[in-house]
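Topology and contacts: notes
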Amino acid sequence: MAPAEDTQRGATPAVNARDNYLRAVRFQRPDYIPVVFAVSPACWHSYPQDWLCEQMERHPFLFPNFWAPALPYAPIYEPIADSRAPFTDDFGCVWKTAIDGLIGTVVTHPLEDLEEYVFPDPAVCMGIGPMDWQAEQRRVQALRAANRPVILGLRHGHTFLQLCDLMGYSNLLYAMSDEDPRLERVIAGVERFNMGIVERQLAMRPDVMTYAEDLGMQQGPMISPELFRQYIAPSYRRLMEPARKAGVLIHMHSDGDIRTLSDELVEGGVDILNLQDLVNGIDWIAARYKGKVCIDLDIDRQQVTPHGTPAQVDALVREAVEKLGSREGGLTMVFGLYPGTPMENVEALMTAMERYAFYYS
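An account of the accompanying structure is given in this report. (Residues numbered from 1 in each chain as written. Predicted model: local features only at pLDDT ≥ 70, side-chain atom pairs only at ≥ 80, totals over all residues. Heavy atoms only, no water.)

**Some points on the sheet that holds strand β2 (residues 87-88)**
Using the following cut-off: Strands are treated as partners if at least two bridges between them are detected by DSSP. For helices the rule is a DSSP run of H or I covering at least 4 residues; for strands it is a run of E covering at least 2, with both sets numbered from the N terminus onward.
Pairing in this open sheet of three strands is antiparallel, and the strands run β2-β3-β4 from one edge to the other. Only two strands of the sheet have a single partner each, and these edge strands are β2 and β4 (105-108). The pairing of strand β3 (residues 94-96) with β4 spans three bridges and is classified as antiparallel. Of the residues in β4, the one forming a bridge with valine 94 is threonine 108.

Here it is in C-alpha coordinates:
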(Lines give C-alpha, C1' and ligand atoms only; values in the text may rest on other atoms or scores of the structure.)
Protein backbone atom coordinates (compact mmCIF):
# COMPACT_ATOMS: atom_id res chain seq x y z
CA MET A 1 0.00 0.00 0.00
CA ALA A 2 1.40 3.39 -0.98
CA PRO A 3 2.17 5.91 1.76
CA ALA A 4 -0.55 8.42 0.94
CA GLU A 5 -3.14 5.67 0.60
CA ASP A 6 -2.36 4.19 3.99
CA THR A 7 -3.94 7.13 5.80
CA GLN A 8 -7.48 6.45 4.70
CA ARG A 9 -10.19 6.16 7.35
CA GLY A 10 -10.66 2.65 8.68
CA ALA A 11 -7.01 1.53 8.72
CA THR A 12 -6.54 -0.03 12.18
CA PRO A 13 -4.12 -2.61 13.52
CA ALA A 14 -6.42 -5.25 14.94
CA VAL A 15 -6.72 -8.69 13.39
CA ASN A 16 -10.35 -7.79 12.82
CA ALA A 17 -10.40 -4.01 12.61
CA ARG A 18 -13.95 -4.04 11.26
CA ASP A 19 -15.30 -5.81 14.33
CA ASN A 20 -13.51 -3.44 16.71
CA TYR A 21 -14.64 -0.34 14.81
CA LEU A 22 -18.27 -1.41 14.71
CA ARG A 23 -18.23 -2.28 18.41
CA ALA A 24 -16.81 1.18 19.14
CA VAL A 25 -19.48 3.05 17.23
CA ARG A 26 -22.26 0.84 18.59
CA PHE A 27 -21.16 1.13 22.24
CA GLN A 28 -20.33 -2.58 22.42
CA ARG A 29 -17.07 -2.49 24.39
CA PRO A 30 -14.32 -2.33 21.75
CA ASP A 31 -10.81 -3.56 22.48
CA TYR A 32 -9.41 -0.10 21.77
CA ILE A 33 -10.45 3.31 20.50
CA PRO A 34 -10.22 3.37 16.69
CA VAL A 35 -7.83 6.14 15.64
CA VAL A 36 -6.74 7.48 12.26
CA PHE A 37 -3.65 9.57 11.59
CA ALA A 38 -4.07 11.03 8.09
CA VAL A 39 -0.96 12.41 6.42
CA SER A 40 -1.76 15.09 3.85
CA PRO A 41 0.08 14.66 0.53
CA ALA A 42 1.43 18.19 1.06
CA CYS A 43 3.50 16.87 3.95
CA TRP A 44 5.78 14.99 1.59
CA HIS A 45 7.32 18.22 0.33
CA SER A 46 7.09 20.07 3.66
CA TYR A 47 8.86 17.65 6.03
CA PRO A 48 12.09 15.70 5.52
CA GLN A 49 10.89 12.62 3.72
CA ASP A 50 13.22 10.24 5.49
CA TRP A 51 11.99 11.56 8.84
CA LEU A 52 8.35 11.18 7.80
CA CYS A 53 8.95 7.60 6.70
CA GLU A 54 10.78 6.86 9.95
CA GLN A 55 7.84 8.11 12.03
CA MET A 56 5.34 6.06 10.09
CA GLU A 57 7.51 2.95 10.42
CA ARG A 58 7.91 3.56 14.17
CA HIS A 59 4.13 3.67 14.65
CA PRO A 60 2.71 0.51 13.06
CA PHE A 61 -0.43 0.87 15.19
CA LEU A 62 -1.29 4.00 13.20
CA PHE A 63 0.19 2.83 9.89
CA PRO A 64 -0.10 -0.97 9.85
CA ASN A 65 0.29 -1.32 6.08
CA PHE A 66 2.90 1.34 5.49
CA TRP A 67 5.96 0.65 3.43
CA ALA A 68 8.62 3.24 2.78
CA PRO A 69 8.80 4.38 -0.83
CA ALA A 70 11.96 5.06 -2.74
CA LEU A 71 13.08 8.59 -1.94
CA PRO A 72 12.62 11.23 -3.08
CA TYR A 73 8.93 10.39 -3.13
CA ALA A 74 6.63 12.37 -5.43
CA PRO A 75 2.99 11.85 -4.42
CA ILE A 76 0.25 12.01 -7.00
CA TYR A 77 -2.03 14.89 -6.13
CA GLU A 78 -5.76 15.02 -6.69
CA PRO A 79 -6.59 17.39 -9.55
CA ILE A 80 -8.18 19.82 -7.08
CA ALA A 81 -4.93 19.80 -5.08
CA ASP A 82 -2.49 20.24 -7.96
CA SER A 83 -1.02 23.74 -8.34
CA ARG A 84 0.21 23.24 -11.90
CA ALA A 85 -3.10 24.12 -13.54
CA PRO A 86 -6.70 24.96 -12.68
CA PHE A 87 -9.07 21.98 -12.63
CA THR A 88 -12.63 21.94 -13.92
CA ASP A 89 -14.75 19.38 -12.10
CA ASP A 90 -17.77 17.43 -13.35
CA PHE A 91 -20.12 20.27 -12.40
CA GLY A 92 -18.12 22.85 -14.36
CA CYS A 93 -16.63 24.47 -11.24
CA VAL A 94 -13.03 25.65 -11.70
CA TRP A 95 -10.61 24.94 -8.83
CA LYS A 96 -7.24 26.51 -8.05
CA THR A 97 -4.69 25.79 -5.35
CA ALA A 98 -1.41 27.48 -4.49
CA ILE A 99 0.11 24.54 -2.59
CA ASP A 100 0.52 21.06 -4.02
CA GLY A 101 -1.33 18.52 -1.93
CA LEU A 102 -3.79 20.97 -0.37
CA ILE A 103 -7.29 21.14 -1.82
CA GLY A 104 -7.88 24.49 -3.45
CA THR A 105 -10.95 26.65 -3.80
CA VAL A 106 -13.51 27.21 -6.53
CA VAL A 107 -12.83 30.40 -8.49
CA THR A 108 -15.43 30.03 -11.25
CA HIS A 109 -19.08 29.34 -10.43
CA PRO A 110 -21.01 28.08 -13.48
CA LEU A 111 -24.46 28.89 -12.09
CA GLU A 112 -24.15 32.45 -10.85
CA ASP A 113 -27.34 33.45 -12.68
CA LEU A 114 -29.31 30.20 -12.11
CA GLU A 115 -29.67 29.67 -15.84
CA GLU A 116 -30.46 26.28 -17.39
CA TYR A 117 -27.92 23.69 -16.41
CA VAL A 118 -27.24 20.01 -17.15
CA PHE A 119 -26.08 18.05 -14.11
CA PRO A 120 -23.36 15.39 -14.39
CA ASP A 121 -24.08 11.65 -14.52
CA PRO A 122 -23.36 9.65 -11.32
CA ALA A 123 -22.90 6.53 -13.44
CA VAL A 124 -19.54 7.84 -14.62
CA CYS A 125 -18.31 10.36 -12.04
CA MET A 126 -18.35 11.36 -8.38
CA GLY A 127 -18.56 15.10 -8.99
CA ILE A 128 -14.84 15.79 -8.77
CA GLY A 129 -13.59 13.26 -11.27
CA PRO A 130 -14.39 10.02 -13.11
CA MET A 131 -15.61 6.97 -11.23
CA ASP A 132 -14.99 3.32 -12.12
CA TRP A 133 -17.72 1.54 -10.20
CA GLN A 134 -16.37 -1.92 -11.02
CA ALA A 135 -12.98 -0.95 -9.60
CA GLU A 136 -14.73 0.43 -6.53
CA GLN A 137 -16.51 -2.89 -6.06
CA ARG A 138 -13.16 -4.68 -6.16
CA ARG A 139 -11.77 -2.24 -3.58
CA VAL A 140 -14.72 -2.93 -1.29
CA GLN A 141 -14.24 -6.67 -1.65
CA ALA A 142 -10.58 -6.31 -0.70
CA LEU A 143 -11.48 -4.31 2.41
CA ARG A 144 -14.01 -6.91 3.44
CA ALA A 145 -11.53 -9.73 2.87
CA ALA A 146 -9.00 -7.93 5.08
CA ASN A 147 -11.57 -7.54 7.90
CA ARG A 148 -11.51 -3.79 7.57
CA PRO A 149 -14.67 -1.68 7.84
CA VAL A 150 -16.25 -0.76 4.54
CA ILE A 151 -16.88 2.97 4.69
CA LEU A 152 -18.30 4.60 1.60
CA GLY A 153 -19.99 7.94 1.07
CA LEU A 154 -20.55 11.07 -0.91
CA ARG A 155 -17.72 13.37 -1.87
CA HIS A 156 -16.81 16.05 0.64
CA GLY A 157 -19.09 19.06 0.21
CA HIS A 158 -21.90 17.16 -1.47
CA THR A 159 -24.86 19.52 -0.94
CA PHE A 160 -24.41 22.93 0.72
CA LEU A 161 -20.83 23.37 -0.45
CA GLN A 162 -21.74 22.04 -3.88
CA LEU A 163 -24.37 24.74 -4.12
CA CYS A 164 -21.77 27.29 -3.02
CA ASP A 165 -19.40 26.02 -5.71
CA LEU A 166 -22.08 26.19 -8.38
CA MET A 167 -23.52 29.60 -7.49
CA GLY A 168 -21.06 31.37 -5.23
CA TYR A 169 -21.54 31.65 -1.48
CA SER A 170 -23.14 35.11 -1.46
CA ASN A 171 -25.40 34.34 -4.40
CA LEU A 172 -26.61 31.18 -2.68
CA LEU A 173 -27.46 32.91 0.58
CA TYR A 174 -29.21 35.73 -1.26
CA ALA A 175 -31.27 33.19 -3.22
CA MET A 176 -32.19 31.38 -0.01
CA SER A 177 -33.10 34.58 1.81
CA ASP A 178 -35.13 35.83 -1.16
CA GLU A 179 -36.78 32.40 -1.55
CA ASP A 180 -35.87 32.44 -5.23
CA PRO A 181 -38.10 29.75 -6.81
CA ARG A 182 -35.33 28.76 -9.22
CA LEU A 183 -33.21 27.54 -6.32
CA GLU A 184 -35.44 24.52 -5.75
CA ARG A 185 -34.56 23.17 -9.21
CA VAL A 186 -30.84 23.49 -8.50
CA ILE A 187 -31.08 21.78 -5.11
CA ALA A 188 -33.19 19.01 -6.65
CA GLY A 189 -30.58 18.49 -9.38
CA VAL A 190 -27.74 18.22 -6.87
CA GLU A 191 -29.81 15.81 -4.78
CA ARG A 192 -30.60 13.58 -7.77
CA PHE A 193 -26.92 13.35 -8.57
CA ASN A 194 -26.07 12.55 -4.95
CA MET A 195 -28.82 9.94 -4.72
CA GLY A 196 -27.35 8.20 -7.75
CA ILE A 197 -24.06 7.91 -5.86
CA VAL A 198 -25.79 6.73 -2.67
CA GLU A 199 -27.74 4.02 -4.46
CA ARG A 200 -24.65 2.65 -6.19
CA GLN A 201 -22.68 2.60 -2.95
CA LEU A 202 -25.44 0.97 -0.93
CA ALA A 203 -25.55 -1.84 -3.49
CA MET A 204 -22.02 -2.70 -2.26
CA ARG A 205 -23.33 -3.28 1.29
CA PRO A 206 -21.06 -0.90 3.23
CA ASP A 207 -20.86 -0.82 7.01
CA VAL A 208 -20.95 2.97 7.08
CA MET A 209 -22.08 5.72 4.74
CA THR A 210 -20.39 9.09 5.17
CA TYR A 211 -21.92 12.48 4.38
CA ALA A 212 -19.03 14.91 4.73
CA GLU A 213 -19.77 18.61 4.48
CA ASP A 214 -18.10 21.56 6.20
CA LEU A 215 -20.80 23.79 7.66
CA GLY A 216 -18.95 25.69 10.37
CA MET A 217 -16.74 28.74 10.56
CA GLN A 218 -14.41 29.74 13.37
CA GLN A 219 -17.45 31.05 15.22
CA GLY A 220 -20.84 29.76 14.22
CA PRO A 221 -22.02 28.10 11.01
CA MET A 222 -21.82 29.36 7.42
CA ILE A 223 -25.59 29.11 7.13
CA SER A 224 -28.21 30.08 9.69
CA PRO A 225 -30.08 27.27 11.45
CA GLU A 226 -33.29 28.55 9.88
CA LEU A 227 -31.99 28.41 6.31
CA PHE A 228 -30.30 25.09 7.00
CA ARG A 229 -33.60 23.58 8.17
CA GLN A 230 -35.48 25.00 5.20
CA TYR A 231 -33.11 24.18 2.35
CA ILE A 232 -30.40 21.70 3.33
CA ALA A 233 -31.67 19.41 6.11
CA PRO A 234 -34.56 17.96 4.04
CA SER A 235 -32.09 16.88 1.34
CA TYR A 236 -29.80 15.39 3.99
CA ARG A 237 -32.67 13.33 5.39
CA ARG A 238 -33.68 12.00 1.98
CA LEU A 239 -30.08 11.08 1.12
CA MET A 240 -29.60 9.31 4.45
CA GLU A 241 -32.91 7.49 4.49
CA PRO A 242 -31.90 4.64 2.12
CA ALA A 243 -28.84 3.93 4.26
CA ARG A 244 -30.93 3.97 7.41
CA LYS A 245 -33.45 1.54 5.90
CA ALA A 246 -30.59 -0.74 4.88
CA GLY A 247 -29.25 -0.81 8.43
CA VAL A 248 -26.08 1.04 7.45
CA LEU A 249 -24.47 3.34 10.01
CA ILE A 250 -24.52 7.03 9.07
CA HIS A 251 -21.42 9.18 9.57
CA MET A 252 -21.49 12.97 9.28
CA HIS A 253 -18.37 15.15 9.14
CA SER A 254 -18.17 18.91 9.44
CA ASP A 255 -15.30 21.24 10.19
CA GLY A 256 -15.89 24.41 12.17
CA ASP A 257 -18.28 25.53 14.89
CA ILE A 258 -21.48 23.57 14.26
CA ARG A 259 -23.01 23.78 17.72
CA THR A 260 -26.21 25.45 16.50
CA LEU A 261 -26.67 22.85 13.74
CA SER A 262 -25.51 19.65 15.40
CA ASP A 263 -28.82 18.70 17.03
CA GLU A 264 -30.49 18.91 13.62
CA LEU A 265 -27.87 16.52 12.27
CA VAL A 266 -28.13 14.00 15.10
CA GLU A 267 -31.92 14.09 15.14
CA GLY A 268 -31.84 13.53 11.38
CA GLY A 269 -30.37 10.09 11.99
CA VAL A 270 -26.59 10.51 12.25
CA ASP A 271 -24.97 7.66 14.21
CA ILE A 272 -21.37 8.95 14.13
CA LEU A 273 -20.70 12.68 14.41
CA ASN A 274 -17.26 13.85 13.31
CA LEU A 275 -16.57 17.33 14.65
CA GLN A 276 -13.58 19.37 15.72
CA ASP A 277 -12.58 19.43 19.37
CA LEU A 278 -11.52 22.93 20.43
CA VAL A 279 -13.63 25.06 18.12
CA ASN A 280 -16.75 23.34 19.52
CA GLY A 281 -15.30 22.65 22.97
CA ILE A 282 -14.53 19.25 24.45
CA ASP A 283 -16.67 19.97 27.52
CA TRP A 284 -19.59 21.07 25.32
CA ILE A 285 -19.29 17.96 23.16
CA ALA A 286 -19.22 15.74 26.25
CA ALA A 287 -22.25 17.40 27.83
CA ARG A 288 -24.24 17.30 24.61
CA TYR A 289 -23.44 13.95 23.03
CA LYS A 290 -21.40 11.60 25.19
CA GLY A 291 -23.22 8.28 25.35
CA LYS A 292 -25.88 9.45 22.88
CA VAL A 293 -24.03 9.27 19.59
CA CYS A 294 -20.59 8.02 18.63
CA ILE A 295 -18.19 10.97 18.64
CA ASP A 296 -15.56 10.83 15.92
CA LEU A 297 -13.30 13.52 17.31
CA ASP A 298 -11.22 15.62 14.95
CA ILE A 299 -8.15 16.57 16.97
CA ASP A 300 -7.06 20.21 16.94
CA ARG A 301 -4.95 21.51 14.07
CA GLN A 302 -5.12 25.22 14.94
CA GLN A 303 -3.93 25.81 18.48
CA VAL A 304 -2.19 23.13 20.52
CA THR A 305 -0.66 20.89 17.87
CA PRO A 306 0.93 23.68 15.78
CA HIS A 307 1.78 26.07 18.64
CA GLY A 308 1.93 24.07 21.88
CA THR A 309 4.55 21.85 23.46
CA PRO A 310 4.75 18.05 23.16
CA ALA A 311 3.47 17.82 26.74
CA GLN A 312 0.46 19.95 25.85
CA VAL A 313 -0.20 17.77 22.81
CA ASP A 314 -0.18 14.67 24.99
CA ALA A 315 -2.47 16.36 27.53
CA LEU A 316 -4.95 17.34 24.82
CA VAL A 317 -5.37 13.77 23.59
CA ARG A 318 -5.66 12.46 27.14
CA GLU A 319 -8.28 15.08 28.01
CA ALA A 320 -10.36 14.11 24.98
CA VAL A 321 -10.24 10.42 25.87
CA GLU A 322 -11.01 10.99 29.55
CA LYS A 323 -13.95 13.31 28.86
CA LEU A 324 -15.46 11.72 25.77
CA GLY A 325 -14.51 8.04 25.99
CA SER A 326 -15.79 5.16 28.07
CA ARG A 327 -15.24 1.44 28.38
CA GLU A 328 -18.49 0.94 26.49
CA GLY A 329 -17.16 2.77 23.43
CA GLY A 330 -18.69 5.68 21.56
CA LEU A 331 -15.43 7.43 20.67
CA THR A 332 -13.14 7.35 17.66
CA MET A 333 -10.45 9.91 16.84
CA VAL A 334 -8.81 11.32 13.74
CA PHE A 335 -5.96 13.74 13.17
CA GLY A 336 -5.05 15.29 9.84
CA LEU A 337 -1.39 16.26 9.51
CA TYR A 338 -0.70 19.33 7.40
CA PRO A 339 2.42 21.43 6.93
CA GLY A 340 3.23 23.71 9.85
CA THR A 341 3.00 21.30 12.78
CA PRO A 342 6.41 21.10 14.51
CA MET A 343 8.14 17.78 14.07
CA GLU A 344 8.41 17.20 17.82
CA ASN A 345 4.65 17.70 18.13
CA VAL A 346 3.99 15.26 15.29
CA GLU A 347 5.97 12.64 17.18
CA ALA A 348 4.18 13.47 20.44
CA LEU A 349 0.80 13.20 18.79
CA MET A 350 1.53 9.84 17.19
CA THR A 351 2.72 8.49 20.53
CA ALA A 352 -0.30 9.92 22.39
CA MET A 353 -2.83 8.52 19.94
CA GLU A 354 -1.27 5.07 20.28
CA ARG A 355 -1.07 5.29 24.06
CA TYR A 356 -4.56 6.58 24.79
CA ALA A 357 -6.29 4.36 22.24
CA PHE A 358 -5.88 1.66 24.92
CA TYR A 359 -6.89 3.86 27.84
CA TYR A 360 -9.96 1.72 28.61
CA SER A 361 -8.47 -1.66 27.73
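And the narrative resumes.
**Some remarks on unusual backbone geometry**
For the record, the criterion: For every residue, the accessible area obtained with a 1.4 Å probe (protein chains only) is divided by the maximum for its type, and the residue is called buried under 20%, exposed over 50%, and partly exposed between those limits.
Cis geometry is found at the peptide bond from leucine 71 to proline 72, where omega equals 0°. Assignment of secondary structure puts proline 72 in the loop between α2 (49-58) and β2. Here arginine 29, not a glycine, exhibits a phi torsion of approximately 55°, which is positive. Mapped onto the elements of the fold, arginine 29 is located in the loop between α1 (17-25) and β1 (35-39). We note that glutamate 179 has phi near 55°; this positive angle belongs to a residue other than glycine. Following the sequence through the fold, glutamate 179 ends up in the loop between α5 (169-177) and α6 (182-202). Using a relative accessible area of 52% as the deciding quantity, one classes glutamate 179 as exposed.

**Concerning the pairing of strand β10 (residues 331-337)**
Counted residue by residue, β10 has seven buried out of seven residues, so it is predominantly covered. Alternating positions in β10 separate into two faces, Leu331, Met333, Phe335 and Leu337 on one and Thr332, Val334 and Gly336 on the other, with burial throughout. Bridging between β1 and β10 involves five bridges; their strand directions are parallel. If you follow valine 36 over to β10, its bridge partner there is valine 334. Two elements, strand β9 (residues 294-298) and β10, share four bridges in a ladder whose sense is parallel. Counted as the bridge partner of isoleucine 295 is leucine 331 from β10.

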